[in-house]
Amino acid sequence: AERAQLTTWYAMVLQAEGRSRAAIEWADRAIGQAEAIGDRKALGLAYSVLDWAKSTLGESTGGLYWRRALEIAEETGDLERQAHVLNSLGYSAFYEGRWDEAMDFYERARSLFETIGDPVTSQAVAGNVAEILAERGRFDEAEALLRDSLRVWRASEYRYFLAGCLSDLGRIAARTHRFDEALAMLDEALTLFNDVGAEEEVVDVVARVAECRALMGEGSEALAAVEEIAA
């Protein structure tokens, strides 16, 4: 049981670091170990990592493994795991263009996190809601949500989510033509993501820097950022 859980967590760290192919290999290994001993908790978490890694690589399963993970969490009455998986299903729906469905998953996840007394993780879901609002051009609403989250991440010193929040705020600032503010936030996000070793997230932030530079009319700087992303 300990080996199955450790293998699952190792896969999760690999994925958070951006090493998706290795994460899939270790998640598959964890699934085999968990199934062999009937460890449903480890199995559900391994399913979640597998879908996360596949989505990152553009090999979406339509949330197949996340849905299996949700079934296990519901069977075992694990409200915390249900909330995490619902958030992941929202992520999947968002990137497949099913934004209304994504919002429904996110709201269900936020409600569960509040129910179990975890307002901090609820703020991570709020950031995902803000992403949809921003993509729909509802910048004021999105920024208000993210500003609330920012206070939580700074107080909790949760650097990974602090960086993500700053990245989202930086993108909104860029799209509303507050360029100096945008670049300062994106630069802080880059520093934080580099500090924690989240290489996949670094690529995303550099893409937002490129977008900001393009909106500023700085074509050469934008192209340099794009070349960095490609590399």
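Let me begin by describing the structure that accompanies this report. Predicted, not measured: the structure shown is a model, and the values here were computed from it.

1. Some details on the overall build of the chain
Now for step 1: When its secondary structure is counted, the chain shows twelve helices and zero strands.
Now for step 2: For the chain, the succession of helices and strands along the chain, N to C, is α-α-α-α-α-α-α-α-α-α-α-α.
Now for step 3: Relative to the 2.2 N^0.38 estimate, which gives 17 Å for 231 residues, the radius of gyration of the chain is 18 Å and therefore close to what a compact globule would have.
Now for step 4: For the chain, the spread of C-alpha atoms along the three principal axes comes to 60 × 40 × 35 Å.
Now for step 5: Scored against the burial criterion, the 231 residues of the chain give a buried share of 47%.
Now for step 6: As displayed, the chain offers around 11300 Å² of accessible surface, 50% of which is attributable to carbon and sulfur atoms.

2. Side note on the environment of Tyr106
Now for step 1: Mapping Tyr106 onto the fold places it in helix 6 (residues 99–115).
Now for step 2: With a relative accessible area of 1%, Tyr106 lands in the buried category.
Now for step 3: Once the C-alpha coordinates of Tyr106 and Gly90 are considered, the two residues, 16 residues apart in sequence, prove to be 5.6 Å apart.
Now for step 4: Sequence-distant contacts of Tyr106, defined by excluding residues within four places in its chain, comprise Asn87, Gly90, Tyr91, Phe94, Val125, Asn128, Val129 and Ile132.

3. Structural notes on the nonpolar core
Now for step 1: Ranked by size, the top nonpolar core spans 74 residues in total, and within it Tyr47, Tyr106 and Leu166 carry the most contacts.
Now for step 2: For this core, the leading source of residues is helix 10 (residues 179–196), giving nine residues.

4. Side note on the side chain of Ser167
Now for step 1: Along the chain, Ser167 falls in helix 9 (residues 159–175).
Now for step 2: Here Arg208 takes part through its side chain, which lies 2.9 Å from a polar atom of the side chain of Ser167.
Now for step 3: Residue contacts for Ser167: discarding those within four places in its chain leaves Leu186, Ala189, Val205 and Arg208.

5. A short note on the packing of aromatic side chains
Now for step 1: One pass over the structure, following the stated rule, counts eleven aromatic pairs.
Now for step 2: With centroids separated by 4.8 Å and ring planes inclined at 75°, the aromatic side chains of Phe94 and Tyr95 adopt a geometry described as edge-to-face.
Now for step 3: With relative accessibility at 7%, the residue Phe94 sits in the buried group.
Now for step 4: Look at Tyr158 and Phe161: their rings are 4.9 Å apart centre to centre, the planes differ by 75°, and that puts the pair in the edge-to-face class.
Now for step 5: Tyr158 gets classed as partly exposed once you look at its relative accessible area, which sits at 41%.

Reading the values: rules and limits
- Residues numbered from 1 in each chain as written.
- Predicted model: local features only at pLDDT ≥ 70, side-chain atom pairs only at ≥ 80, totals over all residues.
- Heavy atoms only, no water.
- Helix = DSSP H or I, 4+ residues; strand = E, 2+ residues; numbered from the N terminus.
- Rg over C-alpha atoms; globule rule 2.2 N^0.38 Å.
- Buried < 20%, exposed > 50% of the residue type's maximum accessible area, 1.4 Å probe, protein only.
- Areas by Shrake-Rupley, 256 points an atom, 1.4 Å probe, with all protein chains shown as cover.
- Contact = heavy atoms within 4.5 Å.
- Core = buried A, V, L, I, M, F, W, Y, C linked by side-chain atoms within 4.5 Å.
- Polar contact = N/O pair within 3.5 Å; in protein donor to acceptor, adjacent residues only side chain to side chain.
- Phe/Tyr/Trp six-rings, centres within 6.5 Å; stacked < 30°, edge-to-face > 60°.

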